[in-house]
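Survey of secondary and tertiary structure
What follows is the residue order along each chain.
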Amino acid sequence: MRTGSRVLLVLLLPVWGSAAAHNGDLTVRPTCNPGFSEEDYTAFVSQNIMEGQKLLKVKFNNCAGNKGVRYETNSLDFKVRADGTMYAAHQVQMSSKQLILMVTAWDPQTLGRWEAIVRFLVAEKSQHNGHKPKGRKTVPGELAQQQSDTLLPWRQHQNANGLRRQKRDWVIPPINVPENSRGPFPQQLVRIRSDKDKEIHIRYSITGVGADQPPMEVFSIDPVSGRMYVTRPMDREERASYHLRAHAVDMNGNKVENPIDLYIYVIDMNDNRPEFINQVYNGSVDEGSKPGTYVMTVTANDADDSTTANGMVRYRIVTQTPQSPSQNMFTINSETGDIVTVAAGLDREKVQQYIVIVQATDMEGNLNYGLSNTATAIITVTDVNDNPPEFTTSTYSGEVPENRVEVVVANLTVMDRDQPHSPNWNAIYRIISGDPSGHFTIRTDPVTNEGMVTVVKAVDYEMNRAFMLTVMVSNQAPLASGIQMSFQSTAGVTISVTDVNEAPYFPTNHKLIRLEEGVPTGTVLTTFSAVDPDRFMQQAVRYSKLSDPANWLNINATNGQITTAAVLDRESDYIKNNVYEATFLAADNGIPPASGTGTLQIYLIDINDNAPELLPKEAQICEKPNLNVINITAADADIDPNVGPFVFELPSVPSAVRKNWTITRLNGDYAQLSLRIMYLEAGVYDVPIVVTDSGNPPLYNTSVIKVKVCPCDENGDCTTIGAVAAAGLGTGAIIAILICIIILLTMVLLFVVWMKRREKERHTKQLLIDPEDDVRDNILKYDEEGGGEEDQDYDLSQLQQPETMDHVLNKTPGVRRVDERPIGAEPQYPIRPVIPHPGDIGDFINEGLRAADNDPTAPPYDSLLVFDYEGSGSTAGSVSSLNSSSSGDQDYDYLNDWGPRFKKLADMYGGGEED
């Protein structure tokens, strides 16, 4: 605990009244600031707190009577009642000397929240017994006695009990600053000083939002005098309050006093007019609504303080368009903005929509001082079913042919003044009488709302020639309360039925008869007659066959009598489950003709007309008796009782059958055939077997089974040679077959060798044409005609093809004779296909051309041509020794006689003297 004299901080508040008098535009009014009465509450409690025990009571004022204020704590152990009483939610054991809680007050109307600190201190027994009753709120001075680290020091004073009470160093009430002040700035708010400034030099400073935090430098303080200023006009709508902390330090920066909280509230001015949330509001109300029916709510917000008249908005209706049936059809709640009906007579069929101009004014609706704004409310009168549908006429008529369905007979038109294409307008039609069998229905046209009388069940002219229907119309939605159906909501519909030619029909279709198969041709089976429904038409019916798969039946064209045209066989492929079906046609001679079909089913009763057969027809058995036997099955095309059990037996003729074979019956359908003797030579044997069924009378059949007897191996299976022998082939036949196989294999081998050789020759052939027919350039050798002067000594062998290639190989690369074939690998020319394809010929020619172009051995051999030496010269001398001198004795005049071809030569050599 700090000792010695304490400092007293003095807060100097400027007199806003004098400032207002000086400025002439400020009015000082007492204001209410919502919040707790204390920022910090303290209570002494016992270590054991009972459930429901009251601890203290916090005081809160929201400036509106605390209606609806709710309290909360940050602890589940303690709760606060609506009157501010704080109590234990359950039994609590205090584990420490101190417990700090946060109490929050919440106003659901303004959505404001306020907080206060609550401290619970565990009291000693002496305090608990009398000095400090539990649950009593303690003052901050008593808290300072219990806590040495308090931020609210008090000045010490001696009392009668010897205790020195501390007083707070800083006692600063909230500072109120009006918004939109005109200055001049900076404008002084308060002065802060400490009583220690007489002893030491103190420097003052402020921190917080508006000082050293954004927005910066809204407030400033003189560090020496402690005067705090506001530096610019305030805007409550931008920020309604500021929380600053004031500090006092010595010249060395050491804290002299504890920091103090400064709360600055901006006083609201009426500088904002109400603003509607929407400029246009849309609402609706049912026609015929009673006065007081809610329509809609319009809302305007004022940025000014809602706790003052500046932000209290009131509403009123300025105009209503149209003013029918009354100029005041609606009214508005001035405080909530709820628009309700005030007069009766809303009728959508007369007025479908109202436009209402609503005005919102602050200053509690004072039009002289308040600011106003307007919005438009569009009220749509919604339709109710207050107009029943009515037929445009009382009777309707139509006509329908008999036996027709989905035909529209008549269209029923109605009139309904309610809103089109709504449940109040959509018509529903019902037939209330005249159609007990349900031949008709009425469907609604969704576009025109007309009723379409439609046939859903075919009518018969012979039964009903006309219908008299009574129909009723109503809406999808029920009529509004108090509205009665109109007598015009019912009408009569007369429907006439016209007669048409109907097709004859067979009364019994399908008709089933039963008879035994095999009845003779021409037997009368039944009469399959049809009925013509047209009783009022004199018409004849004729019959014909439409389907008779086996062509077994005939029908009398006049009376429909059916007779057999062939023997009916139950075992035929045309029979399905013992039933034969035929279809007949009955046609009348009406206009137009009509026909109907009928099906006759004949159930054929089986008779024993099929002898049994044996399976298999061929079998195989070993030449010696063993377990190898032949299983035999009897089959009969008839059905029970004309089938099994069957009797199997061997015939007595020939006698060898019963001598070599024996048959054993296994059951009614199966038997076994086996050898009777110990050995039977291999071969093929025809074994006749007589099988008899159980019909009445019974039928029998002798079936022959080809049995192959063959030698068998130890497993009881026929050997290959034995099987061949059993097939009846002798040794010569077997040898002939083997020789044929060898010859065939030899021919195949020779053919393969010949194909390989031909393929090899094809690859080795370079050109597709004969070398003798090669038309490319070559050196042609001509016969020698003898030499000229002294040319007999020439070595003509140099002009011939050399016998050896040594002198060629020794030549310098790139220099060769023109008549020599280059030495090197010869390219392979492409092989022409055996069966050329039109597309392959062009490819073959192109490939041959590329091979020839890249073939260095193909003539002509283009290169530097080197001619061999052909002799030492001629005794005739050089040709250059000849000249055209005319000094010789040679006479060339005879050239003029040789004709025009030698004229030039004669001019050169024969005309020298003239020149």
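Quick notes on the rules
- Residues numbered from 1 in each chain as written.
- Predicted model: local features only at pLDDT ≥ 70, side-chain atom pairs only at ≥ 80, totals over all residues.
- Heavy atoms only, no water.
- Helix = DSSP H or I, 4+ residues; strand = E, 2+ residues; numbered from the N terminus.
- Buried < 20%, exposed > 50% of the residue type's maximum accessible area, 1.4 Å probe, protein only.
- Contact = heavy atoms within 4.5 Å.
- Areas by Shrake-Rupley, 256 points an atom, 1.4 Å probe, with all protein chains shown as cover.
- Pairing = 2+ DSSP bridges.
- Patch = residues over 30% accessible without salt bridge, like charges linked within 9 Å, V, L, I, M, F, W, Y side chains within 5 Å.
- Salt bridge = Lys/Arg side-chain N within 4 Å of Asp/Glu carboxyl O.
- Lys, Arg positive; Asp, Glu negative; His and termini not counted.
- Charge placed at Lys NZ, Arg CZ, Asp CG, Glu CD.
- Axes fitted to C-alpha atoms, helices over the stretch in contact; angles between N-to-C directions.
- Phe/Tyr/Trp six-rings, centres within 6.5 Å; stacked < 30°, edge-to-face > 60°.
- Lys NZ or Arg CZ within 6 Å of the ring centre and 35° of its normal.
- Disulfide = S-S within 2.5 Å.
- pLDDT = per-residue confidence, 0-100.
- Polar contact = N/O pair within 3.5 Å; in protein donor to acceptor, adjacent residues only side chain to side chain.

Per the secondary structure count, the chain includes nine helices and 55 strands. Sorting the 915 residues of the chain into buried and exposed places 34% on the buried side. Expressed as a percentage of contacts within the chain between residues at least 6 apart in sequence, the contacts between residues at least 24 apart total 65%. A total of about 55,300 Å² of accessible surface is found on the chain, and carbon and sulfur atoms cover 52% of it.

Our focus in this paragraph is the pairing of strand β48 (residues 630-635). Alternating residues of β48 divide into I630, I632 and A634, all buried, and N631, T633 and A635, none buried. Of the pairings in the sheet, the one linking strand β46 (residues 613-615) to β48 comprises three bridges and is antiparallel in character. In the sheet register, E613 faces β48, and the bridge partner there is A635. Judged from the four bridges that link them, β48 and strand β51 (residues 670-675) form a sheet pairing that is antiparallel. Across the sheet, the residue bridging to I630 is L673, located in β51.

Together, K54, K57, K59 and R81 give the surface a local cluster of positive charge. Among the secondary structure elements, K57 is positioned in strand β5 (residues 54-57).

Moving on, we come to the pattern of salt bridges. What the rule picks out here adds up to 15 salt bridges. Ionic pairing is found between R236 and D268, a salt bridge with its closest N-O pair at 3.0 Å. Placement of the pair is R236 in the loop between β18 (227-230) and β19 (241-250) and D268 in the loop between β20 (255-267) and β21 (275-276), with a sequence separation of 32 residues. For K706, the salt bridge goes to D686, with nearest N and O atoms at 3.2 Å. In this pair, K706 is assigned in strand β53 (residues 700-710) and D686 in strand β52 (residues 683-692), connecting sequence segments 20 residues apart. Judged by its relative accessible area of 46%, D686 falls in the partly exposed class. Several salt bridges converge on common partners, so that one network encompasses R236, E237 and D268.

The strand order across the open sheet built from four strands is β47-β53-β52-β49, with neighbouring strands paired in mixed fashion. Two strands in the sheet have a free side with no partner beyond their single neighbour: β47 (618-622) and β49 (647-649). Strand after strand, the sheet turns through a mean of 35 degrees between neighbouring axes, direction not considered. Relative to β53, β47 is paired through five bridges, and the arrangement is parallel. From the neighbouring strand, E618 faces β53, where its bridge partner is K706.

Once that is clear, we can look at the sheet that holds strand β25 (residues 314-321). Pairing in this open sheet of four strands is mixed, and the strands run β22-β29-β28-β25 from one edge to the other. The outermost strands of the open sheet, each flanked by one partner alone, are β22 (280-286) and β25. Across the sheet, the mean angle from the axis of one strand to that of its neighbour is 30 degrees, orientation sign disregarded. Two strands pair when backbone bridges link them, and β22 and strand β29 (residues 372-382) are joined in this way by seven bridges, in the parallel orientation. Within β29, the residue paired with N282 across the bridge is I378.

This part takes up unusual backbone geometry. Of note, the bond from F185 into P186 is cis; its omega dihedral lies within 30 degrees of zero at 0 degrees. Tracing the backbone shows P186 in the loop between β14 (175-178) and β15 (187-194). In this structure, the amide linkage connecting V653 to the following residue, P654, adopts the cis form with an omega of -5 degrees. Considering the arrangement of structural elements, one finds P654 in the loop between β49 and α4 (655-660). Even without being glycine, M363 reaches a positive phi, approximately 55 degrees. Counting through the fold element by element, M363 comes out in the loop between β28 (353-361) and β29.

A cluster of nonpolar side chains, contributed by L744, V748, F751, V752, W754 and M755, occupies part of the molecular surface with about 590 Å² of accessible area. Along the chain, the position of L744 falls in helix α6 (residues 731-764). Assessed through its relative accessible area of 53%, L744 is described here as exposed.

The next point concerns the packing of aromatic side chains. Applying the stated criterion across every chain, the model contains 17 aromatic pairs. The interplanar angle of 70 degrees and the centroid separation of 6.4 Å between the aromatic rings of F276 and Y281 together place this pair among those described as edge-to-face. Across the pair, Y281 and F276 agree in class, each one buried. Ring pairs connect the aromatic residues F36, F60, Y71 and W114, which therefore count as one cluster. Sitting over the ring of Y87, R81 keeps its end group 4.0 Å from the ring centre.

Overall, the coordinates contain two disulfides when judged by the stated rule. Two residues, C32 and C63, share a disulfide whose sulfurs are 1.8 Å apart. Judged by the sign of its S-S torsion, about -90 degrees, the bond between C32 and C63 is left-handed. Here the residue C32 occupies a position in the loop between α1 (16-23) and β2 (35-36), and C63 occupies one in the loop between β6 (60-61) and β7 (70-73), the gap between them amounting to 31 residues.

On the secondary structure map, E179 appears in the loop between β14 and β15. Notably, E179 is buried but unbridged: the nearest opposite-charge side chain belongs to R236, and the N-O separation is 4.8 Å. For E179, the contacting residues outside a window of four places in its chain are M234, D235, R236, E237, V266, I267, D268, M269, D271 and D304.

Attention now goes to the confidence of the model for the chain. When pLDDT is averaged along the chain, the result is 79; 77% of the residues meet or exceed 70. Note that pLDDT drops below 50 for residues 1-30; the model gives that stretch 60 contacts with residues more than four away or on any other chain. Every residue in residues 125-171 is under pLDDT 50, and counting partners more than four places away or in other chains gives 91 contacts.

Another point: the environment of S289. As for its placement among the helices and strands, S289 is situated in the loop between β22 and β23 (294-297). C-alpha separation for the pair S289 and V381, spaced 92 residues apart in sequence, amounts to 9.6 Å. Of note is the side chain of S289, whose polar atom sits 2.4 Å from the backbone oxygen of D286.

Looking now at the side chain of N426. Take N426: it is sitting in the loop between β33 (414-415) and β34 (427-433). In contact with N426, other than residues within four places in its own chain, are H421, N449, S474, N475 and Q476.

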